[in-house]
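Analysis of the macromolecular model
Listed below are the residues making up each chain.
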Amino acid sequence: MDGLNWLNRFVTETPGDDEIGGKPRQVPHACWSRVHPTAVPEPSLRLWSDEMAQELNLEMGDGDILGGNRISGGMDPYAQRYGGHQFGNWANQLGDGRAITLGEVDTKNGILELQLKGPGITPYSRFADGKAVLRSSIREFLCSEAMHHLGIPTTRALSLVTTGEDVVRDVLYNGNPAPEPGAIVCRVAPSFLRFGSFQIHSMNGDKETLRTLVEYTIKHHFPEHRSENDDGLIQWLTQVGQETARMISEWMRVGFVHGVMNTDNMSIHGLTIDYGPYGWIEDFNPDWTPNTTDARTGRYRFGHQAQIGAWNFARLLESISPLMEEPERLYESLEAYYTEYEHCNNAMWSNKLGLKELREEDGDLIQELTANLQLVETDMTIFFRLLSSLKDPSIEHLRYAFYDESTIPITEWNNWLDKWWKRVDGQPDREAMHSSNPKYVLRNWMAQLAIDAAEKEDYSVAQELYELLKQPYAEQPKHEEEWFQKRPEWARHRVGCSMLSCSS
Ligand code: AMP
Ligand code: MG
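Structure report, in brief.

Parameters at a glance
Sequence order as written defines the numbering, with residues in each chain counted from 1. Naming scheme: in the order in which they are written, chains are lettered from A and ligands are numbered from 1. Local features in a predicted model are, by the rule used here, given only for residues with pLDDT of at least 70; side-chain atom pairs are given and counted only at 80 or more, and totals for whole chains, interfaces and linings are based on all residues. Side-chain measures here rest on the full set of heavy atoms in the structure, leaving out hydrogens and waters. What makes a residue near a molecule or strand is one non-hydrogen atom of that residue sitting within 4 Å of it. In protein, a polar contact means a hydrogen-donor-capable atom and an acceptor-capable atom, both N or O and within 3.5 Å, with residues adjacent in sequence counting only if both atoms are side-chain atoms; elsewhere, any N or O pair within 3.5 Å suffices. Throughout, the Shrake-Rupley method with a 1.4 Å probe supplies accessible areas, and for residues the shown protein chains are the sole cover considered. When residue character is reported, Ala, Val, Leu, Ile, Met, Phe, Trp, Tyr, Cys and Pro are called nonpolar, Asp, Glu, Lys and Arg charged, and the others, Gly included, polar. Domain start and end points were adopted from an automatic or database domain assignment. Nine residue types can take part in a nonpolar core, namely buried Ala, Val, Leu, Ile, Met, Phe, Trp, Tyr and Cys, and a core is a set of them joined through side-chain atoms within 4.5 Å. To sort residues, take the accessible area from a 1.4 Å probe on protein chains only and compare it with the maximum for the residue type: under 20% means buried, over 50% means exposed, and anything in between is partly exposed. Strands are runs of DSSP state E lasting at least 2 residues, helices are runs of H or I lasting at least 4, and numbering of each runs from the N terminus. The aromatic pairing rule takes the rings of Phe, Tyr and Trp, using the six-membered ring of Trp, and pairs them if the centres are within 6.5 Å, calling planes under 30 degrees apart stacked, those over 60 edge-to-face and the rest tilted. Note on definitions: a residue-residue contact is assigned when non-hydrogen atoms from the two residues lie within 4.5 Å. Here the expected span of a helix is defined as 1.5 Å times the quantity of residues minus one. Think of the arc as the fan of directions from the helix axis to the C-beta atoms. Only the contacting stretch of a helix is used when fitting its axis, a line to C-alpha atoms as for every element, and angles between N-to-C directions run 0 to 180 degrees. These descriptions rest on fixed angle ranges, namely under 35 degrees for roughly parallel, over 145 for roughly antiparallel, 65 to 115 for roughly perpendicular, and the rest for oblique. Here a crossing is called left-handed whenever its near helix is offset anticlockwise from the far helix by less than a right angle, and right-handed whenever the offset is clockwise. Distances define the donors: N, O and S atoms within 2.8 Å of the metal qualify, as do those within 3.2 Å of Na, K or Ca. Water is excluded, so some sites may look unfinished. Between Lys or Arg on one side and Asp or Glu on the other, a salt bridge is scored when a side-chain nitrogen of the former is within 4 Å of a carboxyl oxygen of the latter.

**Observations regarding the site of ligand 1**
Residues in contact with ligand 1 amount to 16 residues; listed here are only the nearest, Gly95, Gly97, Arg98, Arg126 and Gly130. Within the backbone of Gly95, an N or O atom sits 2.6 Å from an oxygen atom of ligand 1. Here an oxygen atom of ligand 1 sits 2.7 Å away from a polar atom, N or O, in the side chain of Arg126. Protein chains bury 87% of the 480 Å² of accessible surface belonging to ligand 1 in isolation. Tallied by class, the residues present in the shell around ligand 1 amount to two nonpolar, six polar and eight charged. Domain assignment of the residues forming the shell around ligand 1 places at least three in each of domain 1 (6-192) and domain 2 (196-351).

Here you go:
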């Protein structure tokens, strides 16, 4: 990693903290604080993304660097300062409390930022320790790579290193803290700027820093929108809104629930970011959320993600308004979010059902389908995958998608299948269906099996899932029996499968 071409544009071009490291505190007017990762006793490289490495032109991972024990020449590590709305409430300064950026690498495919997640305390750690546990690190590593291979915009993972030290966590916040193995993931993205990176300056009335950060962002990440007036800002924000809408429609396509869509967890690049208490719906339940912290209100439940995306985007738009001569023009970008979402959502249903193109009257077909899917426990992934290969319109071929085959609403389904079959003339666009209805996704219990093994120092399950999920749309018959599976009964109420918290 020493041979890489390291850049440090963010720390050289935006205002930062005068102090290096230091205790958790408020850092007004800054976009970042220089900080060094905390040394760990025994860094050991456990998982490695060969594809990400290739993009960075890296042959081997250096456990010392990726575990935070050594800084290579050219790096100028920092923690970013940002704010955020958490569950609808403005929380003011948050920042990288458990993440440290090592620097940016100039690759042949553009400049990418490398960031360690879990390398110890920073000025933004508030009351916590800045560390991450193995369980959440495995979930982040596997899911970011799986999302990438599903074709969904996401931050990537390069490596997972165990630190050789225990970290104490109270998994369910119920007064039962216990030691767990610590780990650090190195993640990669064009930048880790979030909606909250802009909000913090705006909400605190620091127009100058806001302007510098916006100019920096457009110059380096959206150079086509550079302009001296409102036009450039609107074009930039419109692109952010469209990319965010696209990302969320992709989550809906595969049954992904982010779990903590706070504005500090919304990437300015429309990338899925901050894998915490995320989950995959198994039985099709739009009201489901994996996040126990959100169980009561369900703010971030599966079926509500598009609306929350708009709410979050509106907060970003508001935060840019001090820079606008005609702030009412920001509605153009909000409008663009909705238009893009509708467009993507239509394309998604057209592809999932092999309709070739969506017609006005297809609305009823889709509505009836989603209603049927909720009549009894029905596995979303298996249902759509089996539907993609259906030879004749009979529910018999879809039995495997139901959790209790004795309760299948046969009449309702056969009626719907008849309508769909007529609509597609018995010839659904199978290619579109097979490439938008994945066969394999990272179900919560699959990640948990990888975690259970890894906690016993066996990384073979994690490795197998990493490889399996590189081709989520391929049949892979030798893995079918094990992984093309509904949620097993043991996982129904198990912590880590049906219940997750932010404690990582
Ligand atoms: P999240 O909702 O997980 O994205 O985190 C919200 C905020 O809490 C961010 O500012 C994180 O950096 C911070 N945070 C979460 N976990 C820790 C931790 N273990 N140590 C320090 N800060 C943390
Ligand atoms: Mg976060």
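**With respect to the nonpolar core**
Core analysis: the biggest nonpolar cluster contains 113 residues, and Trp236, Trp280, Leu353, Leu387, Trp420, Leu442 and Leu465 have the highest contact counts within it. Of the residues forming this core, the biggest block, eleven residues, is contributed by helix α7 (residues 230-254). Counting 21 residues, the second largest nonpolar core, distinct from the first, contains Leu58, Val105, Leu116 and Val188.

**Observations regarding the packing of aromatic side chains**
Applying the stated criterion to the full structure yields 25 aromatic pairs. Ring plane angle 65 degrees and centroid distance 5.5 Å describe the contact between Trp251 and Phe256, whose orientation is recorded as edge-to-face. Neither Trp251 nor Phe256 differs from the other in exposure class; each is buried. Where Tyr337 meets Tyr338, the ring centres are 5.6 Å apart and the plane angle is 85 degrees; that geometry is what we call edge-to-face. By way of ring pairs, the aromatic residues Trp349, Phe383, Phe384, Phe402, Trp413, Trp416, Trp420 and Trp421 are connected into one cluster.

**Let's talk about helix α5 (residues 195-203)**
Counting buried residues along α5, eight of its nine residues qualify, which places the element largely inside the surrounding structure. Each element contacted by the buried residues of α5 is listed here: β4 (78-80), β5 (83-86), β6 (89-93), α6 (207-221), α7 and α8 (305-320). Downstream of α5 by a residue or two, Gly205 has a phi angle that is positive, lying close to 70 degrees.

**Some details on unusual backbone geometry**
Despite not being glycine, His29 shows a phi value in the positive range, around 70 degrees. Of note, His29 is situated in the loop between α1 (9-13) and β2 (32-34). In this structure, Asp425 is a non-glycine residue whose phi angle is positive, near 55 degrees. Relative to the assigned elements, Asp425 resides in the loop between α12 (410-423) and α13 (430-436).

**Section: helix α10 (residues 362-373)**
Along its twelve residues, α10 runs 17 Å from first to last C-alpha, staying within 8% of the 16 Å computed at 1.5 Å per residue. Along α10, the residues that are buried comprise Asp362, Leu365, Ile366, Leu369, Thr370, Asn372 and Leu373. Around the axis of α10, the buried residues are gathered within 160 degrees of arc, so they sit on the same side. Structural note: α10 exposes Asp364 and Gln367 on the side pointing more than 90 degrees away from its buried face. Considering only its buried residues, α10 is in contact with α9 (330-352), α11 (380-388) and α12.

**Description of the packing of α10 against α12**
Between α10 and α12, the shortest axis-to-axis distance is 10 Å and the interhelical angle comes to 150 degrees. Judged by the inter-axis angle, α10 sits roughly antiparallel to α12. As α10 runs across α12, the sense of the crossing is left-handed. On α12, the residues that touch Asp362, Leu365, Glu368, Leu369, Asn372 and Leu373 of α10 are Glu412, Trp413, Trp416, Lys419, Trp420 and Arg423. In the contact of α10 with α12, the residues fall into six nonpolar, one polar and five charged.

**Section: the coordination of the magnesium ion (ligand 2)**
At the metal site, the magnesium ion (ligand 2) is ligated by Asn265 (OD1) and Asp274 (OD), and these contacts range over 1.9 to 2.1 Å. For the pair shown, Asn265 and Asp274 are each scored as buried.

**Topic: the packing of α7 against α8**
At a minimum axis distance of 10 Å, the contact between α7 and α8 shows a crossing angle of 160 degrees. Put simply, α7 runs roughly antiparallel to α8. The handedness of the crossing between α7 and α8 is right-handed. Only Gln305, Ala306, Gly309, Phe313, Leu316, Leu317 and Ile320 of α8 make contact with α7, whose side of the interface consists of Leu233, Trp236, Leu237, Val240, Gly241, Ile248, Trp251 and Met252. Here the residues of the contact of α7 with α8 sort into twelve nonpolar, three polar and no charged.

**Re the pattern of salt bridges**
One pass over the structure, following the stated rule, counts 39 salt bridges. Across the pair Glu55 and Arg156 runs a salt bridge, and its minimum N-O distance is 3.6 Å. Taken as a pair, Glu55 in helix α2 (residues 50-56) and Arg156 in strand β10 (residues 156-169) lie far apart in primary sequence, 101 residues in all. For Arg156, a relative accessible area of 7% corresponds to the buried category. Asp379 serves as the salt-bridge partner of Arg443, at 2.8 Å between the closest nitrogen and oxygen. Highlighted residues: Arg443 in the loop between α13 and α14 (444-454) and Asp379 in the loop between α10 and α11, separated in sequence by 64 residues. Residues Arg443 and Asp379 agree in their burial class; the two are buried. Where salt bridges share partners, they join Lys117, Glu140, Arg187, Arg194 and Asp274 into one cluster.

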